[in-house]
Amino acid sequence: MLDLELLRAFVAVADCGGFHRAAEQLHLTQSTISQQIKRLELETRRPLFRRTTRSVALTDEGEMLLGDARRLLQLEEAARQRLVAPRLSGAVRLGVVEEVAGGSLPSALGRFAALHRGVKLEVLIGVSAELIEQLDAGRLDLVFAKRPLGTSKGRLVWREPLVWTAAETFDLVPGAPLPLALYRERSVSRDAALSALRDGELGWEIVYTSPSLTGVRAAAVAGLAITPLPLSAVTTGLRILGIGDGLPPLPDLEFAIYEKRRPDKASEALADALLTLARGPLRPTI
């Protein structure tokens, strides 16, 4: 049986792309992480990483082990939670933005529901400003959303670059207004993009508006416009544009968890579960 602590270090190095960041994530020293990887390689009798002075990459054997390591860690966490989890009941109304609603989030909610069968989950997908307003009005118990620019409320979970994207075949036309695909009004990404453009001299026009990430991304993939996306949302068919293309830099997005003033035990437990998901190797992807 492989040591779970060694597997945890292995997954952290694979996800973080290096020993230093993995050590920070696991609150260990870099030398400890290095020793754990060496022990795991001795146990498996396989080289798991290719190391250079600038990068760390998985070997073919490492790629094969990674999926199994994730599953073993998930099983261990689920078993531990079942043993220590308090008996909860009630309902939790959760609001999430589309950027974190896909990927591993549904499976995380499924595990929470299985662990706390007495808790009813109600999930609403929306844009940050409207979800936070509904939380303040008492219509939601918990919100996982992008922080509005210039604010610091909520429990910060992670930061992520916001980047300009366009179809791989899209060409910027010199002197022509920049065609934009944006969320509808009151979106954090929209506000960040327009603020950056207003500070510059580049002409622009909004040609496509959508209430969803899926919509603006589809417009960009089709070559209709460029759109600002979280780095994790950049998919096949899109390329990243930047200062070299004449576009202004964009701020990082901050994703945070917002709770009502007096959260009940069920809401607190779900917030803790989401924080664990986002900070670990199973952070939601789009």
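Model, not experiment: these values are computed from the prediction.

Section: the packing of aromatic side chains
Phase 1: Within the structure shown, the criterion is met by four aromatic pairs.
Phase 2: Relative to phenylalanine 49, the ring of phenylalanine 10 lies with its centre 5.4 Å away and its plane at 55°, an arrangement referred to as tilted. Of this pair, phenylalanine 10 sits in helix α1 (residues 4-16) while phenylalanine 49 sits in strand β1 (residues 49-51), and the two are 39 residues apart along the sequence. Considered together, phenylalanine 10 and phenylalanine 49 belong to a single accessibility category, that of buried residues.
Phase 3: An aromatic cluster of at least three residues, connected via ring pairs, comprises Phe10, Phe19 and Phe49.

Overview of the domain arrangement of the protein chain
Phase 1: With domains assigned, the protein chain is organised as domain 1 (4-84), domain 2 (90-158 + 254-279) and domain 3 (159-251).
Phase 2: Averaged C-alpha coordinates put domain 1 and domain 2 at centres separated by 29 Å.

Notes on a nonpolar patch on the surface
Phase 1: Residues Val207, Tyr208 and Leu224 make up a contiguous nonpolar surface patch of roughly 250 Å² in combined accessible area.
Phase 2: Relative to the assigned elements, leucine 224 resides in the loop between α9 (213-221) and β9 (227-230).
Phase 3: Assessed through its relative accessible area of 48%, leucine 224 is described here as partly exposed.

Quick look at helix α6 (residues 105-115)
Phase 1: Residues of α6 that are buried include every one of Leu105, Ala108, Leu109 and Phe112, and no others. For α6, the angular spread of buried residues about the axis comes to 100°, placing them on one side.

Some thoughts on unusual backbone geometry
Phase 1: In this model, histidine 27 sits at a positive phi of 60°, which is unusual for a non-glycine residue.
Phase 2: We classify histidine 27 as exposed; its relative accessible area is 73%.
Phase 3: Despite not being glycine, arginine 186 has its phi angle at roughly 75°, a positive value.
Phase 4: Take arginine 186: it is sitting in the loop between β7 (178-183) and α8 (188-198).

Each value, and the rule that gives it
Residues numbered from 1 in each chain as written. Predicted model: local features only at pLDDT ≥ 70, side-chain atom pairs only at ≥ 80, totals over all residues. Heavy atoms only, no water. Phe/Tyr/Trp six-rings, centres within 6.5 Å; stacked < 30°, edge-to-face > 60°. Helix = DSSP H or I, 4+ residues; strand = E, 2+ residues; numbered from the N terminus. Buried < 20%, exposed > 50% of the residue type's maximum accessible area, 1.4 Å probe, protein only. Domains from an automatic or database assignment. Patch = residues over 30% accessible without salt bridge, like charges linked within 9 Å, V, L, I, M, F, W, Y side chains within 5 Å. Areas by Shrake-Rupley, 256 points an atom, 1.4 Å probe, with all protein chains shown as cover. Salt bridge = Lys/Arg side-chain N within 4 Å of Asp/Glu carboxyl O. Arc of directions from axis to C-beta.

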